[in-house]
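Chain by chain, the residues:
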Amino acid sequence: MRLSRMISVTLAGAAVLGPVAACSSDEPASGKAPEAAATTSPSEEPTEKVEGHPFTGQPYEELKPVLAVKIENTSAGKPQLGLKSADVVYVEQVEAGLTRLMAIFSSKIPAKVGPVRSARISDLHLVPQYGKPAFAYSGAQTKMLPYIAKAPLYDVGDTRNPGAYFRQPGRYAPYNLFANTKKLLSGAPKASEAKDIGFTFGDAPAEGGVDKKSYTVRWPAARFTFAWSEAKKQWLIWQDGKKDMAAEGGQLGAPTIVVQYTKTERSEFHDFHQSYTPLVHTTGKGKAVVLRDGKAFTANWERESEETGTTFTTGSGEPMNFAPGQVWIALASRKPVTP
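None of the values given here were measured: they were computed from a predicted structure. Along every chain, residues carry numbers that run from 1 in the direction the sequence is written. Residues qualify for local features only when their pLDDT is at least 70, as the model is predicted, and side-chain atom pairs are given and counted only at 80 or more; totals for whole chains, interfaces and linings, by contrast, use all residues. To obtain the side-chain values, all non-hydrogen atoms of the structure were included, while hydrogens and water were left out.

Student: I'd like a description of the overall build of the protein chain, backed by residues and values.
Tutor: Counting from the N terminus, the helices are DSSP H or I runs at least four residues long and the strands are E runs at least two residues long. A tally of helices and strands in the protein chain yields four helices and 22 strands. When burial is assessed residue by residue, the protein chain has 55% of its 339 residues classed as buried. Taking as baseline every contact in the protein chain between residues at least 6 positions apart, the subset at least 24 positions apart corresponds to 68%. Each residue's exposure class comes from its accessible area (1.4 Å probe, protein chains only) as a fraction of the maximum for that residue type: buried when under 20%, exposed when over 50%, partly exposed otherwise. Contacts between residues were defined by any pair of non-hydrogen atoms, one from each residue, lying within 4.5 Å.

Student: Pulling in residues and values, what's your account of the environment of N73?
Tutor: Examined against the element boundaries, N73 turns out to sit in the loop between strand 2 (67-71) and strand 3 (88-93). For N73 and Y175, which are 102 residues apart along the polypeptide, the C-alpha to C-alpha distance reads 9.9 Å. Distance and chemistry together define a polar contact, namely a pair of N or O atoms within 3.5 Å, with one atom able to donate a hydrogen and the other to accept it when in protein, and with adjacent residues in sequence counting only for side-chain atoms on both sides. A distance of 2.8 Å separates polar atoms of two side chains, one belonging to N73 and the other to T99.

Student: Tell me about the pairing of strand 9 (residues 177-180), and name the residues and values.
Tutor: Here two bridges tie strand 5 (residues 112-113) to strand 9, and the two strands are oriented antiparallel to one another. By the bridge assignment, V113 is partnered in strand 9 with A179. Paired strands, as defined in this entry, are two strands with at least two bridges between them according to DSSP. Sheet topology note: the strand 8 (residues 165-167)/strand 9 ladder contains three bridges and is antiparallel. Counted as the bridge partner of Y165 is A179 from strand 9.

Student: Outline the packing of aromatic side chains, listing residues and values.
Tutor: Note on aromatic pairs: the rings of Phe, Tyr and Trp (six-membered ring only in Trp) are paired at centre separations within 6.5 Å, and the planes decide the class, stacked below 30 degrees, edge-to-face beyond 60, tilted for the rest. Using the criterion set out here, one finds 12 aromatic pairs in the structure. Note on F55 and Y130: the rings are 5.3 Å apart at their centroids and 85 degrees apart in plane angle, and the pair reads as edge-to-face. Taken together, the residues span a long stretch of sequence, with F55 in the loop between strand 1 (24-25) and strand 2 and Y130 in the loop between helix 2 (121-126) and strand 6 (134-136) at a distance of 75 residues. Exposure class is identical for F55 and Y130. Each is buried. With a centroid separation of 5.9 Å and 85 degrees between ring planes, the pair formed by F201 and F322 is classed as edge-to-face.

Student: Now, about the environment of R223: what can you tell me, with residues and values included?
Tutor: By secondary structure assignment, the location of R223 is in strand 12 (residues 222-229). Once the C-alpha coordinates of R223 and D240 are considered, the two residues, 17 residues apart in sequence, prove to be 5.0 Å apart.

Student: Summarise the sheet that holds strand 8; cite the residues concerned and give the values.
Tutor: Strands sit in the order 5-9-8 across an open sheet of three strands; the sheet is antiparallel. Looking at strand neighbours, the two that pair on one side only are strand 5 and strand 8, the edges of this open sheet.

Student: Can you tell me about the confidence of the model for the protein chain, naming the residues and giving the values?
Tutor: The quantity known as pLDDT measures the predictor's confidence residue by residue, on a range of 0 to 100. Counting all residues, the mean pLDDT for the protein chain is 86, and 83% of those residues have values of 70 or more. Every residue in residues 1-48 is under pLDDT 50, and counting partners more than four places away or in other chains gives 111 contacts.

Student: Outline unusual backbone geometry, supporting the account with residue identities and numerical values.
Tutor: P115 follows G114 through a cis peptide bond whose omega is 0 degrees. Looking at the secondary structure, you find P115 in the loop between strand 5 and helix 2. Here A173 and P174 are connected by a cis peptide whose omega angle stands at 5 degrees. Along the chain, the position of P174 falls in the loop between strand 8 and strand 9. Its identity is not glycine, yet A96 carries a phi of approximately 60 degrees, on the positive side. Mapping A96 onto the fold places it in the loop between strand 3 and strand 4 (99-105). Note on A96: relative accessible area 36%, which makes it partly exposed.

Student: An account of the side chain of D244 is needed here, citing residue identities and associated values.
Tutor: By the secondary structure assignment, D244 is in the loop between strand 14 (242-243) and strand 15 (253-254). Residue D244 is classed as buried on the basis of its relative accessible area, which comes to 2%. Side-chain polar atoms of D244 contact the side chain of K78, separated by 2.7 Å. For D244, the contacting residues outside a window of four places in its chain are K78, Q80, F224, I237, W238, Q239, Q251 and L252.

Student: Lay out the pattern of salt bridges in plain terms, naming residues and giving numbers.
Tutor: Each reported salt bridge corresponds to a side-chain nitrogen of Lys or Arg within 4 Å of a carboxyl oxygen of Asp or Glu. As enumerated under the stated definition, the model contains eight salt bridges in all. Between E230 and K233 there is a salt bridge, with its nearest N and O atoms 2.3 Å apart. We classify E230 as buried; its relative accessible area is 15%. When its relative accessible area of 44% is taken as the criterion, K233 is described as partly exposed. Each of E72, R100 and R117 takes part in salt bridges that share partners, so that together they form one network.

Student: Describe the pairing of strand 11 (residues 214-219), and please don't skip the residues or the numbers.
Tutor: Counting buried positions over the six residues of strand 11 gives five, a clear majority of the element. Pairing of strand 11 with strand 12 involves six bridges; the strand directions are antiparallel. Bridge pairing in strand 12 places S214 opposite A227. In sequence, strand 11 turns back onto strand 12 through a hairpin of two residues.

Student: Lay out the environment of T308 with the relevant residues and their values.
Tutor: Among the secondary structure elements, T308 is positioned in the loop between strand 20 (295-303) and strand 21 (311-313). C-alpha of T308 to C-alpha of P128: the two residues are 180 residues apart in sequence and 7.6 Å apart in space. Not counting residues within four places of it along the chain, the set of residues in contact with T308 comprises Q129 and R303. Of note is the side chain of T308, whose polar atom sits 2.9 Å from the backbone oxygen of S305.

Okay, structure coming up:
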């Protein structure tokens, strides 16, 4: 039975627990505005997609197993460790309008990653497109455990694979739980190797891009600003007005940022504060904004089923190429609410 048929969603009586703000703009974060250098124009004519790694478009020697890790994304858990090595990073809304990350690793595996946090139901709708990956997380609501057991993944969470986890000195619980990735993958020897998930890489479209120095995406209780750095050829990341720094050093950033507009509803799950868990719908069709090369491109996204990848196309139906390298996907809503 497909996971989507197993999950019931309650729509009535959704209570707004946090402020509702416009979901995106090109306004910089409050406080000091992030600086961005001048942009350059993309090539005159787009080329065919780059033949590289299916997650990044970069050269590779062999396809390796996929590891998905849930990572804390509030100030208490920063700076995070390992995100710089991820191929794909998803930003998901969780309870009370906050966000949490799911990082996908395959082409480059860091030695350690964290802080590792608990799973959410939206994760189980995202991972099937990766085949049957290893899934690392720290706990889940008891009511959700049967869904994890039936999902197409190898459970290497802290309950199933406790030897892979450790408490990082200098941090406090629950934000001090980190994981050894080698031990995580040893607990899932048959994890699926990286495969096509719908992304294409190559030159940007010759038309349709709008110059942007920065682009802001809002959730009810979180705000991300992506600011283009010509020097680094990346969109550097600010969260809630502060630079998003990596534990390894330097500011987090990626050459491609995708703002994927999705439908977000109340799920049947809630935390001990009775704050309901959002269910982010990532199948179907919708609109997106793709940020690359200092420009914003309007795009369409489509994912036919949970087992298939997500394709991004231009308004004319051509593939919306990403810039080779790490990809961040912000799962946003046009009218964000706290369910």
